[in-house]
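Here's the letter readout for the chains.
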Amino acid sequence: RSSDLPSGCFPIVGQLFHLTMKGGVDDETSQTAYIVASLLKMKLPLNDTKVAKGLQCLKKATPGVNSTYTQALLAYAYTLAGEESLRAEMLKKLDAKANTTGGLKHWDYQVSSSSSASSWSYSQSASIEVTFYVVLTIL
């Protein structure tokens, strides 16, 4: 059974009951970026059908992505895929959103106004996760 859509995107399936542990994966784009990065970390080649179609999905979605979390995931996935221009584009957007304190940068995850999650479900761990993906991208 295929778990991806004809577009190459990976749908979110099921329901999460503890929203503060959700992180920022809340749409097909973030889900697909997470899965593509995982497949690439497993050393699947770029021409693998799932990887290639997943990257196609991400490239199509990239211009409309405003979520800091999804931009960080995209930057990481593009780094692993060797997509330098898309990586640079995401890093530029992320740099504009960075918080700088004492010369150190970090990023905050905010629940989007269109999200079904309430503001109480904001999790500081998601902000740490965003920063983690940016650091992995830069390394």
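## Concerning the overall build of the protein
(1) Moving on: Per the secondary structure count, the protein includes 5 helices and 2 strands.
(2) Moving on: With 139 residues in all, the protein has 39% of them scored as buried.
(3) Moving on: Within the protein, counting contacts between residues at least 6 apart in sequence, those at least 24 apart form 56% of the total.
(4) Moving on: In the form shown here, the protein has an accessible surface area of approximately 8,100 Å², with 57% of it arising from carbon and sulfur atoms.

## Concerning the confidence of the model for the protein
Detailed reading of predicted coordinates is not advised where the pLDDT is low.
(1) Moving on: Mean pLDDT over the protein works out to 83, with 78% of the residues at or above the 70 mark.
(2) Moving on: A low-confidence stretch, residues 117–121 (pLDDT under 50), is modelled with 7 contacts involving residues beyond four sequence positions or located in other chains.

## Considerations on the nonpolar core
(1) Moving on: By size, the foremost hydrophobic cluster in this structure holds 29 residues, and its most contacted members are Leu55, Leu58, Leu74, Tyr78 and Leu94.
(2) Moving on: When residues of this core are traced back to their parent elements, those giving at least two are α1 (28–41), α2 (49–61), α3 (68–81), α4 (84–97) and α5 (124–138).
(3) Moving on: Counting residues per element, this core draws most heavily on α3, which supplies 9 residues.
(4) Moving on: If we ignore the near neighbours within four places in the chain, the residues touching Leu58 are Thr29, Thr32, Ala33, Val36, Leu74, Ala77 and Tyr78.

## Overview of the packing of α2 against α3
(1) Moving on: Running from amino to carboxyl end, α2 crosses α3 at an angle of 135°, the nearest separation of the two axes being 12 Å. With respect to each other, α2 and α3 are oriented oblique. The interaxial crossing formed by α2 with α3 has left-handed handedness. Where α2 approaches α3, its residues Leu55, Leu58 and Lys59 are matched on the opposing element by Leu74, Ala77, Tyr78 and Ala81.

## Observations regarding α5
(1) Moving on: For α5, with 15 residues, the first-to-last C-alpha span of 22 Å sits near the 21 Å given by 1.5 Å per residue.
(2) Moving on: Restricting attention to buried positions, one finds in α5 the residues Ala126, Ser127, Val130, Thr131, Tyr133, Val134 and Thr137. On an axial view of α5, the arc spanned by its buried residues comes to 155°, and they lie on one face. Away from its buried face, by an angle of more than 90 degrees, α5 presents the exposed residues Gln124 and Ile128.
(3) Moving on: Among the structural elements, α1, α3, α4 and β2 (104–106) are those in contact with the buried residues of α5.

Each value, and the rule that gives it
- Residues numbered from 1 in each chain as written.
- Predicted model: local features only at pLDDT ≥ 70, side-chain atom pairs only at ≥ 80, totals over all residues.
- Heavy atoms only, no water.
- Helix = DSSP H or I, 4+ residues; strand = E, 2+ residues; numbered from the N terminus.
- Buried < 20%, exposed > 50% of the residue type's maximum accessible area, 1.4 Å probe, protein only.
- Contact = heavy atoms within 4.5 Å.
- Areas by Shrake-Rupley, 256 points an atom, 1.4 Å probe, with all protein chains shown as cover.
- pLDDT = per-residue confidence, 0-100.
- Core = buried A, V, L, I, M, F, W, Y, C linked by side-chain atoms within 4.5 Å.
- Axes fitted to C-alpha atoms, helices over the stretch in contact; angles between N-to-C directions.
- Parallel < 35°, antiparallel > 145°, perpendicular 65-115°, else oblique.
- Left-handed = near helix turned anticlockwise from the far one by under 90°.
- Expected span 1.5 Å × (residues − 1).
- Arc of directions from axis to C-beta.

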